[in-house]
Structures are given as C-alpha cells and as structure tokens.
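# Structural characterization, general
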Amino acid sequence: MTNILFYVLAIVALLGAAGVVLAKSPMGSVVSLLGTFFALAVIYLLAGFQFLAGAQILVYAGAILVLFLFVIMLLNLGAMGSKFELSFAPLQSTRARIAGCIALALALVGLVAAQRASFAAVPERDASAPAIDSMEGLALELFGRYSLPFQATSLLLLVTMVGVIALAKRQRSGDEPAKGEERP
Amino acid sequence: MNNAYLDGLASIAPEIVLTVTALGALVLDLVAKGRDSVRVGYLTLAGLAATAWFLFGQWGQPSHTAYGMVAIDQFGNFFKLFSTAALAIVVLFVMHDRRERRHGIGEYYFLLLGALIGIFFMVSTGNLLLMVLGFELLSLSSYSLSGFHKGNRKSAEASMKYVIFGGLSTGIMVYGISLLYGLTGTIDLAKMAGSANLVAQVSSNPIPFGIATVLVLAGFAYKISLAPFHFWTPDVYEGAPTPVTAFLAVASKAAGFGALLRFLGALFLDQGGTPLGEYGTRVGTMLALLAAVTMTLGNLAALRQPSLKRMLAYSSIAHAGYVMIGIACMTRGGFTAAMYYLAAYYFMNLGAFGFLVYFEGVTGSDTVDSLKGMGFKAPLISMVMVAFLVSLTGLPPTVGFYGKYLLFIEGVDNGLMWLVVVAALNSVVSLFYYLRVARALFLSKASDQEAAPAPVLTGFVTVLGVATVAFGLYVTPLQAWATKSLDLIRSATGS
C-alpha cells in the first residue's frame, strides 16, 4: 500500500515539475509547483517525518508560493492566459529532439542497470544517530551536530541575497558605464 | 559557554574572520556611500592577511571540529592558503583595473569573500552535506560576480549560462550523493569507505555504486570544467569581469580539484586489493579517458581564438586535463603530482590574467592582434608574460615544466603511457597558441598605442613571474609541501 502510494505521489511530483517548465502562463507554472510541493509533503509523511511535512506545506506552499503569486499579480503576468495550457514550443527544434533522444537512451540504460542490479542489503541506520522524526529530535540534530552546516546555509542565503540585489539594482544615473563596456 | 565550544570556534577562526571581513566590506561601502572604494579594498586585504595568519596558526597536528565535519589538516591548509593568496591578488587586480566600475564595490568584495568561504568549506570537509553547501556558496557568488558588468550583454549571458549549467550539475551531484547515502546510510566519506554494506555491494554488483559515483563526479567535472561538462567555461570566462575570470579560473577550479581529491582519496586511495580499491582503478580509467578528451578539446579550440581572454579560458580547460593525469593514477604519487601542478597553476595563470588586466586597461580590447608591439612599450610586464607562457606550455626552467614532468612520470609509472603521449602531443599544440601571444608582443611592428605605466600592477605580476621561474629551478620546497599535505588525507577524513 505504502509503495503504491509512493509511486503515485512520485508521478504526481514529476508531472508537477514538468508542468512548471511547460505551462504557458506563469500562473500555470505556480499551480503546477503547488502540486509538486503537496506530493513531496505527503512523501515525507509516508517516510514518517511529520514535522518536515508540515514545514513543507507551511513554508513552501504557504509562504513562498504566495509570494510568487503576489509577484505575478503585481507584474500583471497573470493576464497572459487564464486557461491552463501547455506549450511544447521549446521542444520543437531538431537539437532539442536529438538531446531528448540521447537523454532518453541514457535513462533507459540507467533503468536497465538498476533493474539488473541486486542490492546486497539495505544499510542499517546509524545507531548513534538520534531519531529526527519528531520536532524535538530534529531540533537537537539541527542545532547540535549540524549547527555548522546550518550556519553555512544562513551564509549561503545572505550571499545569494546580496548577489541578487547587486544584479537587480538599477544603474544609478550618475554612474557611467566603465570604459570599453559597450563592445559589440 | 563551555570550553569545548570555544575551542571549536578557535579551530574555524579563518572562516569566522572571513565572514566578519565580508560583512565589514559591505557595511563600510554602505557608510562611505560608494565613494571610498580603495579603503574597502584595503579592509579586504587586511582580512585576508588575518585569515592567512590564522591558517598558519593551524599548522601542525590535524584535528577535527564541528562533530568531525571539518578537518583542520595540511591538505585543507594547502588549498586554503593558495586560495587566500589568489584572492588577495585578485583584489589587487580589482583595485588597479582601470575598467572596473567603482560603484557596488562593497558587494563585489563581499561576493568574492563569500566565494572564498565556500572554498574553505569545500576543501576541508569529509562530510558531503557541508561539501555541497561550500560548492553552492562558491557557485552562487560566482554567478552574481560573472554578471557584474551590468548593461554588457556578454556579462549577462555569462551569468545566465553559468546559473543554468551550475544548477543542473549541482542537481545531478546531489542525486548521486543521495544514492551513495542510500547505499551506505551515511554522508561522511570516511564512514562511507568503511561501510561493510558498500564493500558487500561493490563485490557482488557494483552497478548502483558506479551510477552514484559517476553522478557525483559529474558535479565535480562541472566545477573543474572537465569535458563533457566544459561548455559554460569559455563564455563565462569571456563575459565575466577579468579579475573575476582570474578568480574562477584559478581559485574556484583548484578548489573543485581539492574537493575531488578528498572525495576520491577517502573512497579509493590506499585500498589496494580490496573491492573498493579495485573499483577505484576502474574509476581511474574513466577519468583518464575524460582527461585525454578534455586536454585535446581545450587545446584545439584555443588554437583558433582571436581573444586572449577566451584563449586563456580554453587553455584552463586543457590544464584541467593535465591535472587529471595525476588523479587518474589513483595513487599517492599521482595525487601529489596533481597538487604540485595545481600550485604551479596558481602562479602562472594568475600572472597571465594579471597581464590581461593591465593590457585591457591600456587598449580596451582583449584580442591578441591588439597586443602587437606592446613588448617594446611595456617591456617588463611583457617579458614576465613570456615567462608565464613558457610555464603554461611546460618548458624549462619554470614551475609548469616541473609540474608536467612529475605528472608524466607518475602517468608512466601507473600504466597510463598512452595518456602521457596524448598530453605530450597536446603540449606541442599548445606551444603554437602560446607563442602566438609572445610573437605579437615582441616580433610584430609596434602600433601607435601608448602604454600607460601601472607600477603596482607590474610589480606584483613580476613577483608572480619570479615565483614561476624560482619554483621551477628550486623545486624541493613546493614538492615537499605537496607531499606532506597529502600524507594527512586519510587521517583527516577519519573521525
């Protein structure tokens, strides 16, 4: 039962991801992304991580997607098409087809290999590692053993933020472009 | 506050100093309202000097911190010190680059320092989670930096291509890591290598492990621009501001190699006879094939480049191929040779890019043709450039020659004769395009372009040139350092 549910959810997540890329309107992309997030949240639940599933819904579906929707509404991109349509235009070129064929062939090779592979054993969970399925266990791990990666992540976010601001900031009027910048 | 916590903080002091410096640069630029760009540069240099001082303080016995995630050892120090020095030189480039915009300088230095922190995490951890975070820290800073010339189409294109390629390869790599985790139940490399489960899996059916390894290696191959993951390199290197290109070509690439050496070293090195060790030789054969393809592609493409910047980009692809000879050996000697060559690569490539910064400032162009006759206008820096070119080709008496010599010896010793022949032929090909630059400098008729003096830039490029020749003549210290650094790789990853 769990296995079947997992496969169904995995397919939903993949379809959602494809929808993000293929949807014609930005609104369609956001809705597809929502489907992926929900499917992922249920997969976390199946794996026994209630808190992660909740956080996934609250943070991603609740906060980040709403922000996306706001941006799309504010930029008035939602008016481009109210219906959910898929666009396959990027896949029409010959090069894309060749690349797709190669990728498909590689995926098939991988699938066949995985099919033929016999797994020696499923590894045991590290016995010394505490359980992280509860909120308390997760917090102890996150702010204990993994405190350095946690802080590295905060630095990563800061760097990303500064980088985005530096790129997105409009050029000030008094700021002349550097010499030789308008090369063809 | 207990003492263990403070000790832990002390052992990541270089990273903390870098973070504080980065924030300081950002704030100082904000307070000075973008007018005082020189002072921000000096602050960054001071921070880098403090970092180097703390790194020297960590000389000695290897230790672990942050629950065994960060290894403080000679191997990490080797790459950290070189990256810190490389960044200091890049900052000097920025300060003396006539084309560099002055506004947004705080963000510029902040992102460079952020990239350096990423490098520090990458080369000093045996934990794949922290390694990926370091990878991303470096990558995300590099994406923004390569697009820093706003309004320039090439710069925007470079940034966009870099983001797409980088995002895809990180995704592939993380997928491979998730497979490795599934096979071993841990993300710590040392525990992974000791996992009984993995050994059983590899000896009965190595295919799942093979797929995982190839996927992870794809992520590394992107960072060090190994074929067939090199397509982003020429465009990004050409579009990015030249000091950033120097940073990407030297520090970022060497850091990718550092992380790759740690990954391969922890899993496969010194495992002769065991199933994992035997599988390592097969991975080595695959890497040897990639090395041959990479150096040939890089050199052949470099032949036809009119732009010096693009030529150096392709040449850096070719050099990644040379370094892979040592790694493909999958022996201690091979790894040491690769590290020596990387050290050589720091000197000669930074120098070559320094020349490019100077020369772009003078002529506003980066084509080899516009170099004509510059050798007589700016004799010192041009002569030093010829030394770098000789070293890049791999001719004596330079550090590049000895590095290549070591790589070739290790290759022959480990049965990669065919690869060494390919590399030797490639060196001959590279001679053509490197000499083209030297010919334009000294054997062509002078143009009427005046060479403006840039004493500081000329000064430290000359220092790099002297180092290139000096370490080529007196090879012992650098080689001893590389050997010593590698000796600790095993103990570094065990916790």
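Bear in mind the structure is a predicted one, so any value in this text is a computation, not a measurement.

Empty space within the second largest pocket amounts to approximately 560 Å³. Surrounding the second largest pocket, 21 residues form its lining, S147, L148 and Q151 of chain A together with L9 and I12 of chain B being those nearest its centre. A per-element tally of the lining of the second largest pocket places helix α6 (residues 147-168) of chain A first, with 6 residues. Across the lining of the second largest pocket, the residue classes break down as 13 nonpolar, 7 polar and 1 charged.

As a further point, take the packing of aromatic side chains. Residues and elements named next belong to chain B. Inspection of every chain in the model, using the stated rule, returns 31 aromatic pairs over all chains. Summarising the aromatic geometry, the rings of Y322 and Y341 are spaced 6.4 Å apart at their centres and angled 80° between planes, so their arrangement reads as edge-to-face. Placement of Y322 in helix α14 (residues 308-329) and of Y341 in helix α15 (residues 332-363) is noted, with a sequence separation of 19 residues between them. For the pair formed by Y322 and Y341, the shared burial category is buried. Pairwise contacts between aromatic rings join F75, F78, F79, F82, Y346, F347, F471 and W481 into one cluster. Seen from the ring of Y322, K404 lies directly overhead, with NZ or CZ sitting 4.1 Å from the centre.

With that settled, consider the domain arrangement of chain A. Entries for chain A in the domain assignment read domain 1 (1-81) and domain 2 (144-175). Its C-alpha centre places domain 1 of chain A at a distance of 25 Å from the equivalent point of domain 2 of chain A.

Residue and element names in this part refer to chain B. The residue L441 is located in helix α19 (residues 417-442) in this model. The exposure class of L441 is buried, given its relative accessible area of 0%. Spatially, the C-alpha atoms of L441 and K372 are 5.3 Å apart, while their sequence positions differ by 69 residues. Setting aside residues up to four positions removed in sequence, L441 forms contacts with F355, L371, G373, M374, G375, F376, S382 and M385.

Residue and element names in this part refer to chain B. Taking 1.5 Å of rise per residue, 19 residues should cover 27 Å, and helix α20 (residues 455-473) covers 27 Å from first to last C-alpha, within 8% of that figure. Buried within α20 are the following residues: L457, T458, F460, V461, T462, L464, G465, A467, T468 and G472. On its buried face, α20 is in contact with α4 (74-96), α15, α17 (379-393) and α18 (399-413).

Glancing now at the side chain of D366 of chain B. Residues and elements named next belong to chain B. In this fold, D366 is placed in the loop between α15 and α16 (374-377). Looking at D366, the relative accessible area reads 6%, which means it is buried. For D366, the side chain forms a polar contact with the side chain of S307, separated by 3.5 Å.

Calculation rules
Along each chain, residue indices are assigned from 1 in the same order as the chain's sequence is written. Lettering for chains starts from A, numbering for ligands starts from 1, and both go in the order in which the items are written. At least 70 in pLDDT is required for a residue's local features to be given in this predicted model, at least 80 for side-chain atom pairs to be given and counted, and no such filter applies to totals for whole chains, interfaces and linings, which use all residues. Hydrogens and water molecules were not included; the side-chain quantities draw on all heavy atoms of the structure. The pocket and cavity definitions rest on a 1 Å grid over protein atoms only: a 1.4 Å probe that fits but cannot leave marks a cavity, an open set with protein on both sides within 12 Å along at least five of seven lines marks a pocket, and residues lining either have an atom within 4 Å of a point. Grid points are joined across faces, edges and corners, and a volume is the space filled by probe spheres set on the points. Secondary structure is summarised from DSSP: a helix means a run of H or I of at least four residues, a strand means a run of E of at least two, and numbering begins at the N terminus for each. Three categories are distinguished: nonpolar for Ala, Val, Leu, Ile, Met, Phe, Trp, Tyr, Cys and Pro, charged for Asp, Glu, Lys and Arg, and polar for the others, with Gly belonging to the last. Two rings from Phe, Tyr or Trp (for Trp, the six-membered ring) form a pair when their centres are within 6.5 Å of each other. A pair whose planes differ by under 30 degrees is stacked, one over 60 is edge-to-face, and the rest are tilted. Working definition: with a 1.4 Å probe on protein chains only, accessible area under 20% of the residue-type maximum means buried, over 50% means exposed, and in between means partly exposed. Note on geometry: a ring has a charge over it if NZ (lysine) or CZ (arginine) is within 6 Å of the ring centre and within 35 degrees of the ring normal. For the domain bounds, the source is a domain assignment made automatically or taken from a database. Throughout, a contact is declared for two residues whenever any of their heavy atoms are within 4.5 Å. Helix span, expected: 1.5 Å multiplied by one less than the number of residues in the helix. Under this definition, polar contacts are N or O atom pairs within 3.5 Å; protein pairs additionally need one hydrogen-donor-capable and one acceptor-capable atom, and for neighbouring residues in sequence, both atoms have to be side-chain atoms.

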